[in-house]
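# Observations on the three-dimensional arrangement
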There are 2 protein chains.
Amino acid sequence: MGEFDLIARIRARCLPRPDVLLGIGDDAALLHVPSNCALCVSVDTLIAGVHFPRDTAAYSVGWKALAVNLSDMAAMGAKPMWATLALTLPEPDYAWLDGFLDGFFALAQAEAVALVGGDTTRGPLSITVTIHGLVAAAKALRRDAARVGDVIAVSGTLGDAAAGLRIDQFSASGGDHAYLRSRLDCPTPRVALGQFLAGRARAAVDISDGLLADLQHVLSASGLGADIEVDALPSSEALREAVVNPHDRTQLQCSGGDDYELLFTLSIEAWQEVCAEAERQAWQVTVIGRVSADTGLRLWQDGKQKALPDTAGWNHFGDSS
Amino acid sequence: MGEFDLIARIRARCLPRPDVLLGIGDDAALLHVPSNCALCVSVDTLIAGVHFPRDTAAYSVGWKALAVNLSDMAAMGAKPMWATLALTLPEPDYAWLDGFLDGFFALAQAEAVALVGGDTTRGPLSITVTIHGLVAAAKALRRDAARVGDVIAVSGTLGDAAAGLRIDQFSASGGDHAYLRSRLDCPTPRVALGQFLAGRARAAVDISDGLLADLQHVLSASGLGADIEVDALPSSEALREAVVNPHDRTQLQCSGGDDYELLFTLSIEAWQEVCAEAERQAWQVTVIGRVSADTGLRLWQDGKQKALPDTAGWNHFGDSS
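Bear in mind that the values here come from a model prediction, so they are computed numbers and not experimental data. (Residues numbered from 1 in each chain as written. Chains lettered and ligands numbered in written order. Predicted model: local features only at pLDDT ≥ 70, side-chain atom pairs only at ≥ 80, totals over all residues. Heavy atoms only, no water.)

## A closer look at the overall build of chain A
In plain terms, the rule: The way it works is that DSSP assigns letters per residue, a run of H or I at least four long becomes a helix, a run of E at least two long becomes a strand, and they are numbered from the N terminus. Based on C-alpha atoms, the radius of gyration is set beside the globule rule, defined as 2.2 Å times the residue count to the power 0.38. Accessible area is worked out with a 1.4 Å probe on protein chains only. A residue is then buried under 20% of its type maximum, exposed over 50%, and partly exposed in between. The contact definition used throughout considers only heavy atoms, calling two residues in contact when any of these lie within 4.5 Å. For the accessible areas, the method is Shrake-Rupley and the probe is 1.4 Å, while residue cover comes only from the protein chains on display.
Secondary structure assignment for chain A yields 10 helices and 13 strands. Taken over C-alpha atoms, the radius of gyration comes to 20 Å for chain A, in line with the 20 Å a tight globule of 321 residues would show. By residue count, 60% of the 321 residues in chain A fall in the buried class. Counting only contacts in chain A whose residues sit at least 6 apart along the sequence, the fraction spanning at least 24 positions is 85%. Surface accessibility of chain A: about 11900 Å² in total, with carbon and sulfur atoms responsible for 50%.

Below you can see the structure in the form of structure tokens.
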């Protein structure tokens, strides 16, 4: 499989679109950016054995490579538009590549994202996706925009992906292990919710490093603190059944990475709007705490303050798991 | 060195700019794209041992990672604006990182490119830069726009980087080996020339895979052929002195990768404009042939047709050197 065969194989999956003036096949893509929007750009790399287990199916690697980037767009309130894909493969493997592209394009088509460029190289498996979205600059969800008294809310459930990664520890327990693993392998970026929050919520971040670590990013950027109710943290039935020890469960929900849920802060009035839309759209959203003028992050349970879990997040240089 | 220290170290080098509404430190950057321009996007990955020798200085790796992307902007006629950097490092090494950033930012500042986002991960050394530029869509230099009778020209000199890579083969000869190696390690993207060519030249490509391979991309996209004069291929004094065998030299000039010069086609009238500006700017530009309606690529020397060199380019899946 030569580099140009590989590019042709990828290019064959790309559909023409009016905002893509020039797609894959030239030195660069040419894209039309509407004049009333800011361009929103983010990049994420996935490395085998660091960001996904080495036994992850090719489909899931392709899905996740795009999903983690779409999650960044969601956290900004942006509409994702265009992606580039830099794919480093150890050896030519059509079956793996086709599986990877199946996963990547399944999500790309679901979210109407066009692949507009890329690079293919030979080396240890690594995928870097750069995503481009659009958002009105004044409505973008920034980390530094939380205010005292804001409600803190999250989408979906927490801790599933972290339990899916460590499922061997919990294999004696019940619960839907396949579901937990799917939350690790094929996370759902909350793109529509993010766009609804733009201009309504104040601050937002996606939960990739773990709830507390990512909340801390918002608090540090905003110069504020927070109080979080442990019993309010949303958990899936699969998590409750697989991880019966409440301490372990809280640990996974607070510090487990790879949730790719949204954490956002907003006024009570905006929260009511979000709840009404969430009901219409069947989005799960949950209040977990409040922003406070007292800096620092405090966990509460049964009216008592709890110690913070040991590891405050997922740091790719501090934790090579 | 944690991931967040690393990001802080990179972020400290980024200067504020009015077109960067939000830079490094949030889930994504926010950028202002002027309404009269198309957004031009390209991505390139460099892998140690594939795209640069493992003994390459950190400074050169940083420079080259940006240079190869700027070269793509030049080949489109675009003004480079914003870059993202996905950096995968095997282990924390401040000295290496600082050297890398010195090289990256030396070129970024020279070309007024802002670093607006990135990702740092642990793994085998690999660098993926995504570059964003601006060009009026109608003036962009596309590969498919060559016309019969167009002059074919190149910037700079050819074959230096390929000789620099294989300098051991030529070490008995004279020539400035350090110069040849610097052409491999720290190529000069022809950004100003590319912008001048926008709206003047017809087709353009940057020479990364080798002259003939990249010319073939233009010819295939345009459905045309070309006749090239071997003796017209521009060579540096260092190349002529280091590689005394004319056959070897032609091989390097035709098929050696990593030149990062521009190859462009244009009318005689446009060529005269380019020559006048080149004299003012001290750009080296050379006519090497003509676009023909006869498909295929023909080399000529002393009025006789020559066989094409064996390897028609640098294919990262076909050639792991």
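## Notes on unusual backbone geometry
Of note in this structure, Asp302(A) is not a glycine but carries a positive phi near 50°. As for its position among the elements, Asp302(A) is in the loop between β12 (296-301) and β13 (304-306). The exposure class assigned to Asp302(A) is exposed, which follows from its relative accessible area of 66%. One non-glycine residue, Asp258(B), lies in positive phi territory at about 75°. Within the fold, Asp258(B) resides in the loop between α9 (246-255) and β10 (261-266).

## Some words on the relation of the copies chain A and chain B
Where we set the bar: Least-squares superposition aligns the copies on the C-alpha atoms of those residues with pLDDT at or above 70 in both.
Here chain A sits on chain B after a turn of 180° about the axis and a move of 0.0 Å along it, with an RMSD of 0.0 Å. What we have between these two chains is a two-fold relation. Looking at the rotation axis and the C-alpha trace of chain A, the residue lying nearest is Ser35(A), at 2.5 Å. Both copies present the same face, since 100% of the interface residues in chain A are matched by interface residues at the equivalent positions in chain B.

## Comments concerning the interface of chain A and chain B
In plain terms, the rule: Accessible area that two parts lose when put together, evaluated with a 1.4 Å probe and summed over both, is termed the buried area. Three classes are used, and their members are as follows: Ala, Val, Leu, Ile, Met, Phe, Trp, Tyr, Cys and Pro are nonpolar, Asp, Glu, Lys and Arg are charged, and the others, Gly among them, are polar. Strands are labelled as partners when DSSP assigns at least two bridges between them.
Listed by partner, the interface residues are 62 residues for chain A and 62 residues for chain B. A buried area of about 5100 Å², summed over both sides, lies between chain A and chain B, and 60% of it is on carbon and sulfur atoms. Ranked by residues supplied to the side of chain A that touches chain B, first place goes to strand β3 (residues 38-47) of chain A with 9 residues. Residues belonging to the side of chain A that touches chain B are distributed by class as follows: 32 nonpolar, 19 polar and 11 charged. Where strand β2 (residues 29-31) of chain A meets strand β3 (residues 38-47) of chain B, 3 bridges bridge the pair, whose relative direction is antiparallel. Bridge pairing links Ala29(A) to Val41(B) in β3(B).

## Considering the confidence of the model for chain A
Low pLDDT marks regions whose predicted coordinates should not be analysed in detail. Residues and elements named next belong to chain A. Applicable threshold: Summary of the metric used: pLDDT quantifies the predictor's per-residue confidence within the range 0 to 100.
Averaged over all residues, the pLDDT of chain A equals 92, while 95% of them reach at least 70. Residue range residues 312-321 is modelled with pLDDT below 50. Its contacts to residues more than four positions away, or to other chains, number 31 contacts. Here the predicted complex carries an ipTM of 0.92, next to a pTM of 0.93.

## What to know about the side chain of Ser42(B)
For clarity, the threshold we go by: Between N or O atoms, a polar contact is any pair within 3.5 Å; within protein, one atom must be a potential hydrogen donor and the other a potential acceptor, and residues adjacent in sequence are included only when both atoms are from side chains.
Within the fold, Ser42(B) resides in strand β3. Judged by its relative accessible area of 7%, Ser42(B) falls in the buried class. A distance of 3.0 Å separates a polar atom in the side chain of Ser42(B) from the backbone oxygen of Asp27(A). Those residues within four positions of Ser42(B) in sequence are excluded, and the remaining contacts are Asp27(A), Ala28(A), Asn69(B), Asp72(B), Met73(B), Val129(B), Thr130(B) and Ile131(B).

## Here's the deal with the sheet that holds strand β4 (residues 79-89) of chain A
Neighbouring strands of a sheet are bound in pairs by backbone hydrogen bonds; such pairs are parallel or else antiparallel. Spelled out, the test is: Fitted lines through C-alpha atoms give the axes, limited to the stretch in contact for helices. The angle between two N-to-C directions lies from 0 to 180 degrees.
Across the sheet, which stays open at both edges, the 6 strands sit in the order β5(A)-β4(A)-β6(A)-β3(A)-β2(B)-β1(B) with mixed pairing between neighbours. Looking at which strands have only one partner, the edges of the open sheet turn out to be β5 (114-122) of chain A together with β1 (20-22) of chain B. If you compare each strand with its neighbour and ignore which way they point, the axes differ by 25° on average. Contacts between helix α2 (residues 58-76) of chain A and the sheet are confined to β3, β4 and β6 (126-135) of chain A together with β1 and β2 (29-31) of chain B, with β3(A) contributing the most and set at about 145° to the helix. Each of β4, β5 and β6 of chain A is contacted by helix α3 (residues 94-110) of chain A, which is oriented at about 165° to β4(A), the strand it contacts most.

## Some words on helix α5 (residues 177-185) of chain A
A turn of α-helix holds 3.6 residues, and therefore any two residues three or four places apart point the same way. Residue and element names in this part refer to chain A. Residues of α5 that are buried include every one of Leu 180, Arg 183, Leu 184 and Asp 185, and no others. For α5, the secondary structure elements touched by its buried residues are α2, α4 (160-165), α8 (237-242) and β10 (261-266). N-capping of α5 is provided by Asp 176, with a side-chain oxygen placed 3.3 Å from the backbone N of Ala 178.

## Here we look at the sheet that holds strand β13 (residues 304-306) of chain B
All names here are of chain B. Strand order across the open sheet formed by 7 strands is β8-β10-β7-β11-β9-β12-β13, with mixed pairing between neighbours. Looking along the sheet, the strands with just one partner apiece sit at the ends: β8 (203-207) and β13. When the angles between neighbouring strand axes are averaged without regard to direction, this sheet yields 30°.

## Describing the pairing of β3(B)
Residues and elements named next belong to chain B. Burial analysis of β3 places 10 of its 10 residues in the buried class, which makes it a mostly covered element. What you see with β3 is no split at all: Ala 38, Cys 40, Ser 42, Asp 44 and Leu 46 on one side and Leu 39, Val 41, Val 43, Thr 45 and Ile 47 on the other are buried throughout. Of the pairings in the sheet, the one linking β3 to strand β6 (residues 126-135) comprises 10 bridges and is antiparallel in character. If you follow Val 43 over to β6, its bridge partner there is Thr 130.

## A look at the pattern of salt bridges
Using the following cut-off: Each salt bridge in this description consists of a side-chain nitrogen of Lys or Arg and a carboxyl oxygen of Asp or Glu lying within 4 Å of one another.
Within this structure, the stated rule accounts for 32 salt bridges over all chains. Taking the shortest distance from any N to any O, the salt bridge between Arg143(B) and Asp27(A) comes out at 3.1 Å. In this pair, Arg143(B) is assigned in the loop between β6 and β7 (151-155) and Asp27(A) in the loop between β1 (20-22) and β2, connecting two distinct chains. The salt bridge partner of Glu261(B) is Arg190(B), with a shortest N-O separation of 2.8 Å. Of this pair, Glu261(B) sits in strand β10 while Arg190(B) sits in the loop between α5 (177-185) and α6 (191-197), placing them 71 residues apart in sequence. Each of Asp160(A), Arg183(A), Arg190(A) and Glu261(A) takes part in one network of salt bridges that share partners.

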